[in-house]
Amino acid sequence: MSSDGEHSFDVLVVGGGLAGMSAACKLAESGLRVHIVEQATTLGGAVLRRAQTGQNPNLNGVHESSWRDLMARFDRVRKLMSVSVCSTYTGTDSTGAIVVTNTSTSTSVSLRPKAIIVATGALEKVRPRMGWHLPGVMTAGALQVLLKTSLRAPKKRVLLAGSGPLLLAVAAQLTRLGNPPLAVIEEARPSRKFWHALKLPVGYLLEAANYIKVLKVAGVPIYEGRFIARIAHCTSGLRVSFTGDDKLCFDTDFLALHDGIAKNCYGMRPVGMPIWHEAGDCALGLGARASRAHGEAVAIEVIKQLQVFPVESVEMKVRTKELLDVLSRERAAQSTLAKIYSVDEQSALDELPHEVIICRCEKKSLSDLFDLGADPTNREIRLNGRFAMGACQGRFCAHWINMLRKKAGTAEGDRLIGSHWPIKPISMQALIHEADHLLSAEKKSSD
Ligand SMILES: Cc1cc2nc3c(=O)[nH]c(=O)nc-3n(C[C@H](O)[C@H](O)[C@H](O)COP(=O)(O)OP(=O)(O)OC[C@H]3O[C@@H](n4cnc5c(N)ncnc54)[C@H](O)[C@@H]3O)c2cc1C
């Protein structure tokens, strides 16, 4: 049960994307009271993010039927749920309480539900490159958020580079909104791996074919096997040059980079939590179809652990089997995609010049990392070097720093980001509010 007095519920679901909503529906259908906290202004997550106007944001229509189905289910059990948007889960404190901060009122509450499902999705990976910290460089995911929420394309030149199917999706979305990108420049060589592609489910192939068709009709060039050599300022914006004999080079206003996705479960470790699960991409990183199935499968597990029903029904067993089948299909599809888009990241990192910025938040370069000595500890990297100490708290740079350290044979390489909280900054005002709240609760109980 929550302890803040404002809510009364059994299960806290963090994240209102496909996994979180699907879990919440299943829990509520079983009669459990559910509270969803979502840091964005609307539910929907990475794929189903709604436009500010409320219009359909899914510019390619691929996931629309899934969304309609989920929303219909959600509406049927809505009365058994409470939803807080603009509410960020900031971590689990040393007493085991879940701390949630409302970012619009700067207030925090601590909650003690019977169970928590963390469904915070995936993070976009962007590998450091020479000049990637310059204004005008963004992630392809951030550009996609802009397109989905505003339903408008920026009126300037855009170039997409890096690796992964998201580049094609965003390029097609830009094109549909009337501003085709200058080009899509892919580091991998997917067209040379068509035999792998034949193993993908038909839905994946149709989605990719749809994007490529839109780009071909608009005359957007797609290059493969090219890496960014340098991003620099020029009189008309950014000049992006690529490796290869043909000296490929573009002048652009915006450069959108993408290097795949990683699980967004960092820093979240249960302390004294009776029931704790991670669901969807924050646990599996398998994409949209798997996230929805995993959310429901995790909810079934919670229903069993909370002993909502005296015995597990045949229907529940059958449903669990169906969900596990979906997950194994998606696991196979994602591993095929990984082969198609495989890039030698370590070699790309090894070739970086020493002046390249590694930690964008604190503007720390590769030579700053090397200046820490031959085998710095994690504390030295963080406290002396200031790496992973900025706003992102290492969510974007730690992966690359760990790879650079592995190259140097460092033993501690895997643990630069660990289990600490808060996972997001908390304002002083929110801390004061929470302290007042706890003091008045203590006073009431002693009276
Ligand atoms: C930038 C980006 C773009 C993507 N685009 C696509 C795409 O076009 N097609 C596709 O198939 N897959 C895409 N993916 C993969 C995508 O993550 C999954 O397919 C799907 O959205 C996963 O569902 P989910 O519920 O696990 O996570 P999400 O849909 O990401 O939902 C997670 C939710 O948790 C919320 N959240 C995160 N942290 C907190 C916190 N601390 N407190 C409160 N709320 C929090 C987020 O705001 C979000 O609403 C994309 C991933 C990224 C990172």
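Residues numbered from 1 in each chain as written. Predicted model: local features only at pLDDT ≥ 70, side-chain atom pairs only at ≥ 80, totals over all residues. Heavy atoms only, no water.

1. Remarks on the environment of aspartate 93
- Locating aspartate 93 in the fold gives a position in the loop between β4 (87-92) and β5 (98-102).
- A C-alpha to C-alpha distance of 8.8 Å links aspartate 93 and serine 110, two positions 17 residues apart in sequence. (Helix = DSSP H or I, 4+ residues; strand = E, 2+ residues; numbered from the N terminus.)

2. Examining the pairing of β5
- With four of five residues buried, β5 is to be regarded as a mostly interior element.
- Across five bridges, the pairing between β4 and β5 is antiparallel. In the strand pairing of β5, tyrosine 89 is matched with valine 100.
- What sits between the antiparallel neighbours β4 and β5 is a turn of five residues, in which glycine 96 has the positive phi angle 95°.
- For β5 and strand β6 (residues 107-111), the ladder comprises five bridges, and the chain directions are antiparallel. Across the sheet, residue valine 99 finds its bridge partner in β6, namely serine 110.
- Where β5 folds back on β6, the antiparallel hairpin that results is connected by four residues, among which serine 106 adopts a positive phi of roughly 55°. (Buried < 20%, exposed > 50% of the residue type's maximum accessible area, 1.4 Å probe, protein only. Pairing = 2+ DSSP bridges.)

3. Quick look at the pairing of strand β7 (residues 115-118)
- Because side chains alternate across β7, one face comprises the buried residues Ala115 and Ile117, and the other comprises Ile116 and Val118, equally buried.
- Of the pairings in the sheet, the one linking β7 to strand β18 (residues 275-278) comprises four bridges and is parallel in character. Among the inter-strand pairings, isoleucine 117 is bridged to a residue of β18, identified as histidine 277.

4. Points about the domain arrangement of the chain
- Domain annotation for the chain reports domain 1 (11-123 + 263-336), domain 2 (137-259) and domain 3 (345-415).
- Taken over C-alpha atoms, the centre of domain 2 sits 28 Å from the centre of domain 3. (Domains from an automatic or database assignment.)

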